[in-house]
Structure formats: structure tokens, C-alpha cells
Amino acid sequence: MIHFNGIENYLCGKTKFGVVPSRVDIDLTNVCNQNCFYCNSADFRGKYTVGGSTECYIDLIDKLSAWDNNTGSIREIVFTGGGEPTVHKDYHKVIEHCIDKNFTVQMITNGSKLHKLVDSLPEKKIKKIKWIGVDIDSAIPETYEAIRRSLTKRSLFNGVKESVKNATKRGFTIDIKSLLMAKNTSDVELQALFKFVKDTGANKLHIRPFCDYENNNVFEVTPQMQEKIENFSEEFNVPYTLNLARSEPRRYSRCHQMFLYPIFASNGDLYVCCEGRGRRKFVLGNWMKNDVRDLWFSQKHKEIYENTDVSLCPPCTPNKWNNKIQDLIDNNV
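Basis of the calculations
- Residues numbered from 1 in each chain as written.
- Predicted model: local features only at pLDDT ≥ 70, side-chain atom pairs only at ≥ 80, totals over all residues.
- Heavy atoms only, no water.
- Pairing = 2+ DSSP bridges.
- Helix = DSSP H or I, 4+ residues; strand = E, 2+ residues; numbered from the N terminus.
- Contact = heavy atoms within 4.5 Å.
- Axes fitted to C-alpha atoms, helices over the stretch in contact; angles between N-to-C directions.
- Expected span 1.5 Å × (residues − 1).
- Buried < 20%, exposed > 50% of the residue type's maximum accessible area, 1.4 Å probe, protein only.
- Phe/Tyr/Trp six-rings, centres within 6.5 Å; stacked < 30°, edge-to-face > 60°.
- Lys NZ or Arg CZ within 6 Å of the ring centre and 35° of its normal.
- Arc of directions from axis to C-beta.
- Parallel < 35°, antiparallel > 145°, perpendicular 65-115°, else oblique.
- Left-handed = near helix turned anticlockwise from the far one by under 90°.
- Nonpolar A, V, L, I, M, F, W, Y, C, P; charged D, E, K, R; others polar.
- Polar contact = N/O pair within 3.5 Å; in protein donor to acceptor, adjacent residues only side chain to side chain.
- Core = buried A, V, L, I, M, F, W, Y, C linked by side-chain atoms within 4.5 Å.

A. Region of the structure containing the sheet that holds strand E14 (residues 283-286). What the 10 strands build is an open sheet, ordered E11-E8-E7-E6-E5-E4-E1-E12-E13-E14; its pairing is mixed. Two strands in the sheet have a free side with no partner beyond their single neighbour: strand E11 (240-242) and E14. Seen against the sheet, helix H9 (residues 223-236) touches strand E7 (174-180), strand E8 (204-209) and E11 and runs at an angle of roughly 170 degrees to E11.

Have a look at this one:
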């Protein structure tokens, strides 16, 4: 959960001290065993096909656990982005170290190697894994492969389904995730998604429209489609969330989310933009060589914030947060 109350005082110049981020995002690797056609990290992955060392991540987590002051502290670590986090050979050990340092953990994954965490994590620590989102995009194997394109001899689909079943049996909170697009929004496709959630014992279905970065538009989820989704939810008794935040009109001229959470890429880049991997203008420094606590809220951080023209940015995940922060700023002036 992102906490941003108080950031408006810093952005309005009413305090010299920014609020310590409540969350950070960590990329364990840029390596992936799928090649999803829509991946916005594909170019970055091509240039930096790397995974950070286990020691680097343990050291980073130790520093993050000590990053607190009277403005707050980090509560949550999210493993996502860059590549597939479970490809990292020690991802389960890094996650357990986060738990030992009293962080709650979230992870976004394709679920292909989820068994390593499921089989190794002690039962008493499972509840510290707040949420695992498993991206499948389609519950029909042929469509799944057309979208996600497994880089393995066999499709990852069946293994993912079994891994999700085993994880839910052990008590992990798993959401099934899908981007909505023309390929997967027929009645048959939507019904299959809800059935997949039911069959695996997952918590719910998390869906949002696909964003076409090349053409800078978001897939339209029509009222008729929303009605079908609601009907399938009732049919299978499976809850869902439909995230339309990217479609909200922008009410801000600067990207305030740049002060909400750092993004630690596996090549050492520290980003202030959650969707800017590979774009040097969003790099604050190298987290493997420098302490993030010295880089965050630095002069360079302010310059990136002030010099970024959000009108050139595609619809993004933090759009809703930016609007809310803008409302707080407008009421604070």
C-alpha cells in the first residue's frame, strides 16, 4: 500500500524533509523465461541481461530496514519488473530475509518457479507475504502462448496452474492477473479466466486494460464488457478488481510519484519512474555503489522531477496517485 499523506508539504516547500517512502520496488533480475509481446522492459532487458548478486540484495535490504526518521519508514518491498523475479536462483532467500527484517512482501510473477518459495518458506512466515500476483493474461493455453510466448521447450501454462494450486493450499494469498485486450476478452476467454481462479483456489482476479505504449492509448473496457465480467464473477463466485486508473484524465503537470517509491533495477540503476527502465533521464544513481539514502531527495532528484514533461508520458500505473497528490497540493497552497 502506497502512503503519500504529507508529501504535498515537501512539494509545496513547506518542509525541507520529504517523507520516507513506505514502499520500494526491487528487480532481482532482467532475465525472463517468457517474451510477452507487450513487455515495456524488453529493450532494457536486451541491453542488461543481468541479475544482481544475492549479497547485493541482502545488503540493500539491511540498509532499507535502517532507513527511517520522523517522517516515516519503509514498510513494504515489492519484487517486480525488469525480468521474472523467480528466475533469480536465491529469490526465495532474499524474500525470507525481507520477512526477517519485518517487511511485508509483495511479488508480481509469471508463477513458473513459484514452487521454490512455496516449498521452502516456513509456515509461520507465509502471512508476511501480503500478496502474490500471477500474470497469465489468458486461461486458454493457445491464447496464453500467443500473448506470453514462453522461452522454454514446453509452454509454462500447466506448470503455472499447478504452482498456484500448491501455493493457495499452503496459505499464500494469490491473485490471478490479466491485461484486457482484443485477444482475450471474448466470452470464452473471460469465462476461462474466472474458472482458472476458481479451480486454483486463488483469492481473486485482478484485471486492467492493456496500454499500447507505441500508440499511446488504453484498451477500451466497454460497459457491456464490464457487465459480462460482473456476470462471470457471480457465476463462479469469484471476486475481481478492474483497475481503470490509467484512463483517468490527468490533473497534474508534474509526476509526484517520483517521490513515492524508489525502483531498484538489477543492473544497479535507481529509478524514480516505475515505467522508465532503460531511460537514463530517470536514473538517480547506482544503488549498488551508493547508498539510496544519500540519493533520494537529492538535488538531482528534484531536477528530474522539475524537468520531466508528463504530457509526453504514456498513461501510467501511478496516474491515480498523482491525481490524489495534486488534489492535496491544490488544497495545501
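Here the narrative resumes.
B. Examining helix H12 (residues 319-332) more closely. Here H12 spans 20 Å end to end across 14 residues, near enough to the 20 Å set by a 1.5 Å rise per residue. Buried within H12 we find Asn-319, Asn-322, Asn-323, Ile-325, Gln-326, Ile-329 and Asn-332.

C. Expanded view of the packing of aromatic side chains. On inspection of all chains with the given rule, the structure shows 16 aromatic pairs. Arranged with centres 5.1 Å apart and planes meeting at 70 degrees, the rings of Tyr-10 and Phe-297 form a pair that is edge-to-face. With Tyr-10 in helix H1 (residues 7-11) and Phe-297 in the loop between helix H10 (292-295) and helix H11 (299-307), this residue pair connects regions lying 287 residues apart in the sequence. Tyr-10 sits in the buried class, given a relative accessible area of 9%. Taken together, a centroid distance of 5.9 Å and an interplanar angle of 55 degrees make the contact between Phe-157 and Phe-196 tilted. Of this pair, Phe-157 sits in helix H7 (residues 157-170) while Phe-196 sits in helix H8 (residues 187-200), and the two are 39 residues apart along the sequence. Side by side, Phe-157 and Phe-196 carry an identical accessibility label, which is buried. Through pairs of rings, three or more aromatic residues link up here, namely Tyr-10, Phe-259, Trp-296, Phe-297 and Tyr-305. The ring of Tyr-261 has Arg-23 sitting right over it, with the charged end atom 4.4 Å from the ring centre.

D. A look at H7. Its 14 residues give H7 an end-to-end C-alpha distance of 20 Å, which sits within 8% of 20 Å, the value for a rise of 1.5 Å per residue. Within the sequence span of H7, burial applies to Phe-157, Val-160, Ser-163, Val-164, Ala-167 and Thr-168. Axial view of H7: buried residues confined to an arc of 130 degrees, hence all on one face. Of the exposed residues in H7, the ones pointing more than 90 degrees away from its buried face are Asn-158 and Lys-169. On its buried side, H7 packs onto helix H5 (115-120), strand E6 (129-135), helix H6 (141-148), E7 and H8.

E. Structural detail: the packing of helix H3 (residues 54-65) against helix H4 (residues 91-100). In the contact formed by H3 and H4, the axes pass within 10 Å of each other and the chain directions differ by 15 degrees. By the angle class used here, H3 and H4 are roughly parallel. Handedness of the H3/H4 crossing: right-handed. Between H3 and H4, the contacting residues are Thr-54, Tyr-57, Ile-58, Ile-61 and Asp-62 on the first element and Val-94, His-97 and Cys-98 on the second. Split by residue class, the contact of H3 with H4 holds 5 nonpolar, 2 polar and 1 charged.

F. Focus on the side chain of Asn-184. Position of Asn-184 relative to the elements: it lies in the loop between E7 and H8. Separated by 2.7 Å, the side chain of Asn-184 and the backbone oxygen of Asp-137 make a polar contact. From its side chain, Asn-184 meets the backbone oxygen of Leu-179 in a polar contact 2.7 Å long. In this structure Asn-184 touches Asp-137, Ile-147, Ser-178, Leu-179, Glu-189 and Leu-190, once residues within four positions along its chain are discounted.

G. Highlighting the nonpolar core. The biggest cluster of nonpolar side chains holds 86 residues, and the ones touching the most others in it are Ile-26, Leu-64, Phe-79, Phe-172 and Ile-176. No other element matches H8, which puts 6 residues into this core. If we ignore the near neighbours within four places in the chain, the residues touching Ile-176 are Val-134, Ile-136, Val-164, Phe-196, Val-197, Ala-202, Lys-204, Leu-205 and His-206. Core analysis: the second largest hydrophobic core is formed by 6 residues, Cys-36, Ile-147, Leu-179 and Met-181 among them.

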